[in-house]
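The residues making up each chain are set out below.
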Amino acid sequence: FLASFSTMASIFAAVEPEGVTDPVMGAPSMFSNIVGGLLVGFGTKLGNGCTSGHGVCGLARRSKRGFTAVVTFMGAAISTAIMMTPANVLQSSRSVAPN
């Protein structure tokens, strides 16, 4: 499992040597990738399952725990996206006139 991550990272680095960068936030550091991965693993353990498991199976079974998990991680994701998006990006996207 862990070997597949490093293998795919090596293949991606060979195919796309410049990597993928967010035009607003820039390229993530190795440290932020590691911390992010550890936080995802901790959240999976804490929430007794992954987000897609709760979203697909938990909601399909009408599980209270699945519903609570989905509401929690969607709220956290929306809040994080709003907080991490610079104000000038939000303003420029609102001022764009439709075609």
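Model, not experiment: these values are computed from the prediction.

Each value, and the rule that gives it
Starting from 1, residues in each chain are numbered consecutively following that chain's sequence as written. Totals for whole chains, interfaces and linings use every residue, but because this is a predicted model, local features are given only for residues with pLDDT of at least 70 and side-chain atom pairs only at 80 or more, for both listing and counting. Derived side-chain values reflect all non-hydrogen atoms in the structure, with water molecules and hydrogen atoms excluded from consideration. Helix and strand labels come from DSSP, where a helix needs a run of H or I of at least four residues and a strand needs a run of E of at least two; each type is numbered from the N terminus. The cut-offs for exposure are 20% and 50% of the maximum accessible area for each residue type, with area from a 1.4 Å probe on protein chains only; residues under the lower value are buried, those over the upper are exposed, and the others partly exposed. For the accessible areas, the method is Shrake-Rupley and the probe is 1.4 Å, while residue cover comes only from the protein chains on display. Space inside and on the surface of the protein is sampled on a 1 Å grid over the protein atoms alone, with a cavity defined as a set of points where a 1.4 Å probe fits but cannot get out and a pocket as an open set with protein on both sides within 12 Å along at least 5 of 7 lines; lining residues have an atom within 4 Å of a point. Grid points are joined across faces, edges and corners, and a volume is the space filled by probe spheres set on the points. Each residue carries a pLDDT score, the predictor's confidence in it, ranging from 0 to 100.

Undergrad: What exactly am I supposed to notice about the overall build of the protein chain here?
TA: In terms of helices and strands, the protein chain carries five helices and zero strands. Listing every helix and strand of the protein chain by position from the N terminus yields α-α-α-α-α. Counting every position in the protein chain, which comprises 99 residues, the buried fraction comes to 6%. Surface exposure of the protein chain reaches about 8,300 Å², of which carbon and sulfur atoms provide 70%.

Undergrad: I'm lost on the environment of Val 56 in this one. Help?
TA: Mapped onto the secondary structure, Val 56 falls in helix 3 (residues 51–60). Distance from Val 56 to Val 70, taken between C-alpha atoms, is 9.6 Å for residues 14 residues apart in sequence.

Undergrad: Looking at this structure, how should I read unusual backbone geometry?
TA: Notably, Arg 62 is not glycine yet its phi reads approximately 60°, a positive angle. Relative to the helices and strands, Arg 62 resides in the loop between helix 3 and helix 4 (64–84).

Undergrad: Can you help me understand the layout of surface pockets in this one?
TA: Gaps between atoms show up when a probe of the same size as a water molecule is rolled over them. The computed volume of the largest pocket comes to approximately 330 Å³. Considering the residues around the largest pocket, the lining is formed by 13 residues, among which Val 40, Gly 43, Thr 44, Thr 51 and Phe 73 are closest to the centre. Among the secondary structure elements, those contributing two or more residues to the lining of the largest pocket are helix 2 (30–46), helix 3 and helix 4. Ranked by residue count, the leading element in the lining of the largest pocket is helix 2, at five residues.

Undergrad: Honestly, the confidence of the model for the protein chain in this entry has me stumped. Any pointers?
TA: Detailed reading of the predicted coordinates is not advisable wherever pLDDT is low. Taken residue by residue, the protein chain gives an average pLDDT of 77. The fraction at 70 or more is 75%. The spread of mean pLDDT over the elements of the protein chain runs between helix 5 (residues 87–94), the lowest at 59, and helix 4, the highest at 87.

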